[in-house]
Amino acid sequence: MSAANQTSPVMKQKGKVAILIPGIFDRGRSMHRLQGALKAEGFSAHYIRLTPVSAWHGLEPLAQQLGELVETVTEQGSTCALVGFSMGGIVARYYLQKMGGTEHVHKFVSLSSPHFGSFWANFLPYKGGRQLRIGSAFLSDLNRELADLESTSPTSIWTPYDFTILPHTSSCLPLGQTYQVPVSLHRWVPLDKKVIELVTTELKSAI
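As the structure is a computational prediction, the values presented were derived from the model and not from experiment. (Residues numbered from 1 in each chain as written. Predicted model: local features only at pLDDT ≥ 70, side-chain atom pairs only at ≥ 80, totals over all residues. Heavy atoms only, no water.)

**Student:** Explain the overall build of the protein to me, using residue names and the numbers behind them.
**Tutor:** Scanning the protein from terminus to terminus reveals six helices and six strands. Relative to a compact globule of 207 residues, whose C-alpha radius of gyration would be 17 Å, the protein shows 17 Å and is just as compact. C-alpha atoms of the protein, sized along the principal axes, occupy 60 × 40 × 30 Å. In the protein, which comprises 207 residues, the share counted as buried stands at 52%. Taking all contacts inside the protein whose residues are at least 6 apart in sequence as the whole, residues at least 24 apart take part in 70%. Of the roughly 10,000 Å² that the protein leaves accessible, carbon and sulfur atoms contribute 53%. On the protein, the mean spot of the 19 positive side-chain charges and the mean spot of the 15 negative ones are 6 Å from each other. (Helix = DSSP H or I, 4+ residues; strand = E, 2+ residues; numbered from the N terminus. Rg over C-alpha atoms; globule rule 2.2 N^0.38 Å. Buried < 20%, exposed > 50% of the residue type's maximum accessible area, 1.4 Å probe, protein only. Contact = heavy atoms within 4.5 Å. Areas by Shrake-Rupley, 256 points an atom, 1.4 Å probe, with all protein chains shown as cover. Lys, Arg positive; Asp, Glu negative; His and termini not counted. Charge placed at Lys NZ, Arg CZ, Asp CG, Glu CD.)

Written as structure tokens, this is what we have:
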């Protein structure tokens, strides 16, 4: 086929839409402060109400809900940014890595997400909890395909004082940019001023 007859892939524009994905048992209140900061910077920021918040049926249905919201709030021909807190970061990864989400997302930020599992997930005796355990088949499968995230310029933010994500380093992705912020409690991470500044800067720089 001649060069004249070849078709180039359509390049999507990086939009100023940001979707914030809360963690387990969180209906989205943890994301309100970050949402306000992003809106002040001109972003169209939305947070998703995942159902059920316990992830009782697993993370796959939650990722499906995320995909539906991406399609709803992102203009045709544009991409968006995803910011996932705790379990929300893993929901985002499943959408990106297993559901073709990288086609619609140009930036991914995770906040204290258990990329390699957490000890405390052992106390959640249902599908979603089992998927978040250290060494789970679900996480192992995602981590074998980490390179699929490269197009989203991933950023992971974590705190060494996090006693919900154990070990703490589970929150660090081994690719992209990583920031350590000394936040005292897991649930305070998306509320922390420094974390919000980092997320805002990363999303602005991505555009």
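**Student:** Mind laying out the packing of helix α3 (residues 87-98) against helix α5 (residues 137-144), listing which residues take part and the relevant values?
**Tutor:** Where α3 meets α5, the axes come as close as 11 Å, and the angle between the chain directions of the two elements is 55°. Here α5 runs oblique to α3, going by the angle between their axes. As for how α3 packs across α5, the hand of that crossing is left-handed. Contacts between α3 and α5 involve Ile90, Arg93, Tyr94, Gln97 and Lys98 from the first element and Phe138, Leu139, Asp141, Leu142 and Asn143 from the second. (Axes fitted to C-alpha atoms, helices over the stretch in contact; angles between N-to-C directions. Parallel < 35°, antiparallel > 145°, perpendicular 65-115°, else oblique. Left-handed = near helix turned anticlockwise from the far one by under 90°.)

**Student:** Quick rundown of a nonpolar patch on the surface? Include the residues and the values.
**Tutor:** Taken together, the side chains of Phe119, Trp120, Phe123 and Ile134 define a hydrophobic patch exposed on the protein surface, amounting to about 430 Å² of accessible area. Looking at where Trp120 falls in the secondary structure, it is placed in the loop between β4 (105-111) and α4 (127-131). Residue Trp120 is classed as partly exposed on the basis of its relative accessible area of 41%. (Patch = residues over 30% accessible without salt bridge, like charges linked within 9 Å, V, L, I, M, F, W, Y side chains within 5 Å. Salt bridge = Lys/Arg side-chain N within 4 Å of Asp/Glu carboxyl O.)

**Student:** Describe the side chain of Asp26, naming the residues involved and giving the relevant values.
**Tutor:** Position of Asp26 among the secondary structure elements: in the loop between β1 (13-21) and α1 (32-40). For Asp26, the side chain forms a polar contact with the main-chain nitrogen of Gly28, separated by 2.7 Å. Within the structure, the side chain of Asp26 is placed 2.4 Å from the side chain of Ser30, a separation counted as a polar contact. With sequence-adjacent residues up to four places away left out, Asp26 is seen in contact with Val53 and Phe85. (Polar contact = N/O pair within 3.5 Å; in protein donor to acceptor, adjacent residues only side chain to side chain.)

**Student:** For the nonpolar core, give the residues involved together with the corresponding values.
**Tutor:** Within the largest apolar cluster, 33 residues are counted, with the highest numbers of intra-cluster contacts made by Ile19, Leu66 and Leu82. Elements with a minimum of two residues in this core: β1, α2 (60-73), β3 (78-85), α3, β4 and α5. Ranked by residues supplied to this core, first place goes to α3 with seven residues. Beyond its immediate stretch of four places on either side in the chain, Leu82 contacts Ile19, Ile21, Leu66, Val70, Ala92, Tyr95, Leu96, Val105, Lys107, Phe108 and Val109. In terms of nonpolar packing, the next biggest core, distinct from the first, is built from 21 residues, Ala45, Val83, Phe85 and Leu198 among them. (Core = buried A, V, L, I, M, F, W, Y, C linked by side-chain atoms within 4.5 Å.)

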